[in-house]
Structures are given as C-alpha cells and as structure tokens.
Amino acid sequence: MATPFDLAATDELLATTRAVRKRLDLERPVELEVLLECIDLAQQAPTGGNQQGWRFVVVTDAAQRQLIADTYRRVSQSYFASRAATPGDDQTSRVRSSSDYLRDNLERVPAMVIPCQQGRPESLPLAAMASYFGSIVPATWSMMLALRARGLGSVYTTLHLVDDGEQVVAQALGIPGGWTQTALIPVAYTIGTDFKPAKRPPVSEIVGVNGW
C-alpha cells in the first residue's frame, strides 16, 4: 500500500499514546512553546460545521494549579469512595492506583491544558450534543498525540467538572459564561518513553460488518 507516511512510526504513536499518570516527570518544566506547537497542530482536527469554536487554557502558574488540584480532590471524593468499594481485577487495580496517584499529586504536574468549547450542551438533543463534543474531542486527542511524539505524556480527565468544580475553575481562570470546559489534561515530560500497547480484545470481537 503506497503512502507518504512512515506507517510503523505512525502505528506505534497511535498504539502507545497512553493515559500517563505515575510516569509523569513532576520535576521537569514544560516549555510553553512546546504546548503551543501541539495546540497549533490540534487546530487541524475536524469540527462540526467547520466552526472551530474552541479555546485552550494553558495553566502553569503554581497557585492556579493548586486551586485546580484542590477542587479536583474535593468534588471527586464521592467518586473515589464508591470506586474503592467496588472490587476489580488486577488491571483495574493498577488503573485505580494510577488514578489515585494523579489525584494526590495533581498540583505538582507542571502544566495543565483545559480544552473549552463555545456554547453549553446541557439542553441539546442527542445529534447536536454528539456534534458538540465531536468538535472538541478530536482536537484534544490530536494535541495529546503531538505531545507524545515530543516525549511528553498526558491524560484525559473530567473529574474537576463534577458539582461546582467547573464554576470554581472558570472563575479562577476567567473563563467566561457561555463556554464549556470539556476536560482537564495534565501534561509533563515522561519518565522514559518505552510505552507499550495496552491489552485489548481481538478486533473481531468488537466489530460488526454490515450489522451488529
């Protein structure tokens, strides 16, 4: 198959861009120029109606990171408590341990990116809501892929949006009304770059051809 791309490198990037938590380097600063470069690439992602109604808030200030981390921990208490009471297998336990680590060290992550989308989705019908989030999630993932290609790790989180968390963070960062925070992306250089594909089921088990 003829292609202008290095398929091996591209496939490795796609297969090894992990949700990174414990292997984030909490001591090494992240250059603003690198973040802006990755966000610039993210602008090439498709959006519904080609509207591009997005804005990315980059947070590197220590006091703001502390406020976000404190808010994240406060509003997610019930989630972590209920999850701890639910048994899981070994892989689930590893993911939970990783999530706990991020929660406990979030303010130490040197950079955070909050993707925002213009408008509010609460009252939208299903098709419009799918289009709304489909207009920001691809750009966010493109940014995360670009970060991975440059030796940085990230993880897609949403727990700061629980209860009044979004409002608290919006006020602290000056995010105006009429805009929706869609995620919180902690970003740092990674400790090592030897990430591997995760265990997933055979593709034949998750694909239906011409029907379910």
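Our subject is the structure listed above.
Below you will find a few notes about this structure. (Residues numbered from 1 in each chain as written. Predicted model: local features only at pLDDT ≥ 70, side-chain atom pairs only at ≥ 80, totals over all residues. Heavy atoms only, no water.)

1. Some thoughts on the nonpolar core
- Grouped together as the largest cluster of nonpolar side chains are 24 residues, with contacts concentrated most on Ile-68, Leu-106, Ile-114 and Leu-173.
- Sorting the residues of this core by element identifies strand S1 (54-59), helix H3 (62-75), strand S2 (111-118) and helix H8 (165-173) as the ones contributing at least two each.
- Dropping the residues within four chain positions of it, Leu-106 is found in contact with Ala-69, Tyr-72, Arg-73, Met-112, Leu-184 and Pro-186.
- Listed in part, the 22 residues of the second largest apolar core include Leu-35, Ala-42, Met-144 and Ala-146. (Core = buried A, V, L, I, M, F, W, Y, C linked by side-chain atoms within 4.5 Å. Buried < 20%, exposed > 50% of the residue type's maximum accessible area, 1.4 Å probe, protein only. Helix = DSSP H or I, 4+ residues; strand = E, 2+ residues; numbered from the N terminus. Contact = heavy atoms within 4.5 Å.)

2. Structural notes on the packing of aromatic side chains
- All told, the structure shown has three aromatic pairs when counted by the stated rule.
- Summarising the aromatic geometry, the rings of Trp-54 and Phe-56 are spaced 6.4 Å apart at their centres and angled 55° between planes, so their arrangement reads as tilted. The two residues Trp-54 and Phe-56 agree in class, both being buried.
- The ring of Tyr-189 is capped by Arg-28, whose NZ or CZ atom sits 3.5 Å from the centre of that ring.
- The positively charged end of Arg-103 is found above the aromatic ring belonging to Phe-80, 4.5 Å away from the centroid. (Phe/Tyr/Trp six-rings, centres within 6.5 Å; stacked < 30°, edge-to-face > 60°. Lys NZ or Arg CZ within 6 Å of the ring centre and 35° of its normal.)

3. Details of the pairing of strand S5 (residues 185-189)
- Here S5 lies mainly inside the structure; five of its five residues are buried.
- Of the two faces of S5, both are covered, the one formed by Ile-185, Val-187 and Tyr-189 as well as the one formed by Pro-186 and Ala-188.
- Where S2 and S5 come together, three bridges link them in antiparallel fashion. Looking at the pairing, Ala-111 lines up with Val-187 of S5.
- In this structure, strand S3 (residues 152-154) lies alongside S5, joined through three bridges in antiparallel fashion. Note that in S5 the partner of Leu-152 across the bridge is Tyr-189. (Pairing = 2+ DSSP bridges.)

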